[in-house]
Amino acid sequence: MLIHDIEWRVSPGLTPYADSLAEMEARAAAVGAGEARELVWLLEHPPIYTAGTSADPAELIDPRFPVFDTGRGGRYTYHGPGQRVGYLVLDLNKRGRDVRCFVHALEQWLIATLGDFGIAARAEPGRVGIWTGHGAAEAKIGAIGVRVKRWVTLHGFSVNLDPDLTHFGGIVPCGLPDFAVTSAGALGVPVPPAAFDTALAARLPDFLDQLAQSTKRLEQSVITD
């Protein structure tokens, strides 16, 4: 379906990572050429580990699942059943060429959506991802890793709804050994994927508004300069 002229796609079952990467790359090229609509793609993968451009081989502790190198930023992450992955193929040529604003808006979109289920989440300065709890209870519930190619975005986010958290034990998630990983289920909040998708879609306009504000700021800066 279309939301704000963006294709909103939800894939059932488990989508092989290599297939999704190839399709995402092709779609990004088409969007950049003006031959396809932008895309928000929600899915789940079979258990895998992915390595970002900053991945340290020492942080791959136990490669019990297939490991894929990827062009996104960040280090090692896990994807698997029970985790909602979102791939965003958006054209920043028309939504503001500001990668920091894009990542900040993405963080706020996920934080607000988790808040709809009563989960108090936040971003932490100097740390990648979405966080819950404080002190001994502090843990990461979501990861963000993006790539921008010719000002079109690829990759996106993952949010732990109810994955097997022991699967994260094969890596140092995102290069942060001192912090735990959690999920909505582990916090005692059951969040069905369909319900999460619906809440995410309802907050898409807010996310796009933040990007639009970035565009206005950039335009004003050009005029001022």
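These notes cover the structure that comes with them. This structure is a prediction, so every number in the text was calculated from the model and none was measured. (Residues numbered from 1 in each chain as written. Predicted model: local features only at pLDDT ≥ 70, side-chain atom pairs only at ≥ 80, totals over all residues. Heavy atoms only, no water.)

## Things to note about the overall build of the protein chain
Within the protein chain, the secondary structure is distributed over five helices and 12 strands. For a compact globule of 225 residues, the expected C-alpha radius of gyration is about 17 Å, and the protein chain comes in at 17 Å, within 12% of that figure. Overall, the protein chain is about 50 × 35 × 35 Å in size when its C-alpha atoms are taken along their principal axes. For the protein chain, buried positions account for 49% of its 225 residues. With an accessible surface of roughly 10,200 Å², the protein chain has 55% of that area assigned to carbon and sulfur atoms. Counting 20 positive and 26 negative side-chain charges, the protein chain places the averaged centre of each group 4 Å from the other. (Helix = DSSP H or I, 4+ residues; strand = E, 2+ residues; numbered from the N terminus. Rg over C-alpha atoms; globule rule 2.2 N^0.38 Å. Buried < 20%, exposed > 50% of the residue type's maximum accessible area, 1.4 Å probe, protein only. Areas by Shrake-Rupley, 256 points an atom, 1.4 Å probe, with all protein chains shown as cover. Lys, Arg positive; Asp, Glu negative; His and termini not counted. Charge placed at Lys NZ, Arg CZ, Asp CG, Glu CD.)

## Concerning the nonpolar core
The tendency in soluble globular proteins is for nonpolar side chains to be buried as a group. In this structure, Trp8, Leu88, Leu106, Trp109, Phe157 and Phe207 are the most contacted members of the largest nonpolar core, which totals 34 residues. Those elements that provide at least two residues to this core are strand E2 (6-10), strand E3 (39-43), helix H3 (99-115), strand E10 (139-149), strand E11 (152-160), helix H4 (193-202) and helix H5 (204-224). Element by element, the count of residues in this core is highest for H3, at seven residues. Setting aside anything within four residues of it in sequence, one finds leucine 88 in contact with Leu39, Val40, Phe102, Leu106, Trp109, Thr153, Leu154, His155, Phe157 and Phe207. (Core = buried A, V, L, I, M, F, W, Y, C linked by side-chain atoms within 4.5 Å. Contact = heavy atoms within 4.5 Å.)

## Topic: the environment of glycine 175
Of note, glycine 175 is situated in the loop between E11 and strand E12 (180-181). Here glycine 175 falls in the buried class, since its relative accessible area comes to 13%. Between the alpha carbons of glycine 175 and alanine 199 there is a distance of 30 Å; along the sequence they are 24 residues apart. Residues in contact with glycine 175, not counting those within four places in the same chain, are Glu59 and Arg75.

## Some remarks on the pairing of E2
Both strand E1 (residues 2-3) and E2 contribute to a ladder of two bridges, which runs antiparallel. Following the sheet pairing, leucine 2 is matched in E2 by glutamate 7. In sequence, E1 turns back onto E2 through a hairpin of two residues, with histidine 4 there showing a positive phi of about 55 degrees. As paired strands, E2 and E3 are joined by four bridges and run parallel to one another. Residue valine 10 lies in a different strand from E3, and its bridge partner there is leucine 42. Once the chain exits E2 it traverses helix H1 (residues 17-32) before rejoining the sheet at E3, and the crossover so formed is right-handed. (Pairing = 2+ DSSP bridges. Right-handed = clockwise from strand over helix to strand, strands pointing away.)

## Some details on the pairing of E10
Counting buried positions along E10 gives eight out of 11 residues, so the element sits mostly inside the fold. Note that strand E9 (residues 130-132) and E10 share three bridges and pair antiparallel. What sits directly across from threonine 132, in E10, is alanine 139. Counting the residues that bridge the hairpin from E9 to E10 gives six residues, and of these glycine 133 lies at a positive phi of roughly 70 degrees.

## Here's the deal with the sheet that holds strand E4 (residues 48-51)
On the basis of which strands lie adjacent, the open sheet formed by three strands has the order E5-E4-E6 and mixed pairing. Edge positions in the sheet fall to strand E5 (67-69) and strand E6 (76-79), since each of these pairs with one other strand and no more. Along the sheet, successive strands turn relative to each other by an average axial angle of 25 degrees, direction set aside. Across four bridges, the pairing between E4 and E6 is antiparallel. Bridge pairing in E6 links tyrosine 49 to tyrosine 78. (Axes fitted to C-alpha atoms, helices over the stretch in contact; angles between N-to-C directions.)

Note that all results are geometric; they support no functional claim without further evidence.
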